[in-house]
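# Working through the structure, step by step
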Amino acid sequence: MKKDAESRKIAILGSTGSIGTQTVEIVRANPELQVVALAGGTRVEPIEAQIREFHPLIACMWTDEAAKELALRVKDLPVRVVSGMDGLLEIAAMPEVEVLVTAIVGMIGIRPTIAAIKAHKTIALANKETLVTAGHIIMPLAKECGVSILPVDSEHSAIFQSMQGQPRERVHKILLTASGGPFRGRTKEQLACVTVEDALKHPNWSMGKKITVDSATLVNKGLEVMEARWLFDVDIKQIEVLIHPQSILHSAVEYADGSIIGQMGLPDMKLPIQYALFYPDRKPMDGGRVDLCQISQLTFEKPDMETFAGLSMALAAAEAGGTMPTVYNAANERAVSLFLQKKIRFLQIYELIADCMSAHRIVNNPNVNEILEAEAETYDFIKQLTGDTQL
Ligand code: NAD
Ligand code: MG
């Protein structure tokens, strides 16, 4: 571990993914950041490389098998290798961690986030599924423990930045921007035959496959509306989604006097990640700058919620509350996985989500077990619906 007088000690859950590796790039460029723990899924090689570069105290793999292989590979180093949910929970609460970066994908992030809040760690939150499904547990707990939840998602970071120094009670509405994805402007008929390759061609952002498909369906925006509602304690009706194809205004806040304060920048996740890691400072960052004259036009339009039902179904799920956002998220997760395996067509993603939501009986104010049960129930339901036993 590197030592530094003003060091900030961080743990990264999901360090080998899209957000994880960009977090690692920020660490590389900022010697005052010290990585004390890393966690990955099942791919051993990239975690080994990160351990050799950053010398964390502890590393976690999701499976015992991967953990055993990793332990063998790094036996020349003093790092301790752990596995599974117990490993994630141990990292979340370890005394050396100051900031926990939740860059893991899925509801698996809920329990480690809760453990970290209880252990008074600052949370740099990328894992939106945690707030979508358990925001009603996470936010009050963070308040009670005096813990900051710092958003990493670019839109939420923009909103958060636009709220600095402003009276919260004067927030009139949140303007949440969306690029519109690769299929903006298409009709339902045109969407019927789009391919996986088409869906993965995001016009502006380079991200993991799942979230790229979620951008094409507007499910990502739906999840982000729910995430914003919990992060900023606003009513769903106070959040307006705007399609902004240039992805320069990352989101904005409209105040009671009609002023709109927003954050602009290039579409690069490293900026919101760095902002969360050094908040409230705003550190220098190398890289490109927005040239407004070259861009020349920033445009905005209303989303087509009928064609891109991912957004309208999210608003319905948020309105219904309880376990419904969990069902929306879990159904989408499985549907996207089937789409990526070319087992279903693009529009069937919406159909599967709608089927799961209409079959679900809501549990109000669910605890973590009830949330995870709703997730498992949705997975089972999709298995039955599709007859896909590999799910
Ligand atoms: P990704 O699939 O690229 O990476 C996920 C990471 O989690 C990988 O390191 C993987 O190994 C790890 N992982 C998966 N299952 C695990 C498990 N059971 N235990 C431990 N680690 C596990 O995903 P991503 O695109 O980096 O997204 C991560 C989260 O950030 C998601 O919630 C996503 O919605 C959110 N997010 C991503 C972006 C982006 O630009 N990629 C932007 C905003 C928000
Ligand atoms: Mg986003």
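Scroll up to find the structure this text is about.
This text gives an overview of the structure that appears in the document. Keep in mind that what you see is a predicted model, and the values were worked out from it rather than measured. (Residues numbered from 1 in each chain as written. Chains lettered and ligands numbered in written order. Predicted model: local features only at pLDDT ≥ 70, side-chain atom pairs only at ≥ 80, totals over all residues. Heavy atoms only, no water.)

## A look at the pairing of strand S3 (residues 58-61)
Along any regular strand, the residues point their side chains to alternate faces of the sheet. Of the two faces of S3, both are covered, the one formed by Ile 58 and Cys 60 as well as the one formed by Ala 59 and Met 61. Pairing of strand S2 (residues 33-39) with S3 involves three bridges; the strand directions are parallel. Considered in S3, the bridge of Ala 39 is made with Cys 60. Looking at chain direction, S3 and strand S4 (residues 80-83) are connected through four bridges and run parallel. The residue bridging Ala 59 from the neighbouring strand is Val 81, located in S4. In this fold, the crossover linking S3 to S4 by way of helix H3 (residues 64-73) has right-handed handedness. (Buried < 20%, exposed > 50% of the residue type's maximum accessible area, 1.4 Å probe, protein only. Helix = DSSP H or I, 4+ residues; strand = E, 2+ residues; numbered from the N terminus. Pairing = 2+ DSSP bridges. Right-handed = clockwise from strand over helix to strand, strands pointing away.)

## Topic: the coordination of the magnesium ion (ligand 2)
Six octahedral donors at a metal ideally form angles of 90 or 180 degrees, and four tetrahedral donors ideally form angles of 109.5 degrees. Binding of the magnesium ion (ligand 2) to the protein goes through Asp 153 (OD), Glu 155 (OE) and Glu 224 (OE), at separations of 2.1 to 2.2 Å. Taken in chain order, the donor set of the magnesium ion (ligand 2) reads D-x1-E-x68-E. Placement of the pair is Asp 153 in the loop between strand S7 (149-151) and helix H7 (154-163) and Glu 224 in helix H11 (residues 219-232), with a sequence separation of 71 residues. There is no split in this pair, since Asp 153 and Glu 224 are both buried. (Donors = N, O, S within 2.8 Å, 3.2 Å for Na, K, Ca; no water.)

## Digging into helix H10 (residues 209-217)
In terms of burial, H10 is a largely internal element, seven of the nine residues being buried. Burial in H10 covers these residues: Lys 210, Thr 212, Val 213, Asp 214, Ser 215, Ala 216 and Thr 217. Buried residues in H10 make contact with helix H6 (128-145), helix H9 (196-199), H11, helix H14 (309-320), helix H15 (324-340) and helix H16 (346-359). Of the residues one or two after H10, Leu 218 is the one with positive phi, at around 70 degrees. (Contact = heavy atoms within 4.5 Å.)

## Structural notes on the layout of surface pockets
Here the second largest pocket defines a volume of roughly 530 Å³. Forming the walls of the second largest pocket are 20 residues, and the residues nearest its centre are Met 139, Lys 143, Trp 230, Leu 231 and Asp 233. Taken together, the elements giving at least two residues each to the lining of the second largest pocket come down to H6, S7 and H11. Sort the elements by how many residues they give to the lining of the second largest pocket and H6 lands first, with six residues. (1 Å grid on protein atoms, 1.4 Å probe; cavity = no way out; pocket = protein on both sides within 12 Å on 5 of 7 lines; lining within 4 Å. Points joined across faces, edges and corners; volume = space filled by probe spheres on them.)

## With respect to the environment of Ala 49
Its place among the elements puts Ala 49 in helix H2 (residues 44-54). Between the C-alpha atoms of Ala 49 and Met 305, which are 256 residues apart in sequence, the distance is 44 Å.

## Focus: empty space enclosed by the protein
If you roll a probe as big as a water molecule over the atoms, it shows you where there is empty space left. Tallied over the entire structure, the rule returns one cavity of 30 Å³ or more. Quantified by volume, the largest cavity comes out at close to 50 Å³. Those elements that place two or more of their residues in the lining of the largest cavity are H7 and helix H12 (270-278). When residues in the lining of the largest cavity are grouped by element, the largest group, three residues, is from H7. Split by residue class, the lining of the largest cavity holds four nonpolar, five polar and one charged. (Nonpolar A, V, L, I, M, F, W, Y, C, P; charged D, E, K, R; others polar.)

Remember, this is a structural readout, not a statement about activity or role.
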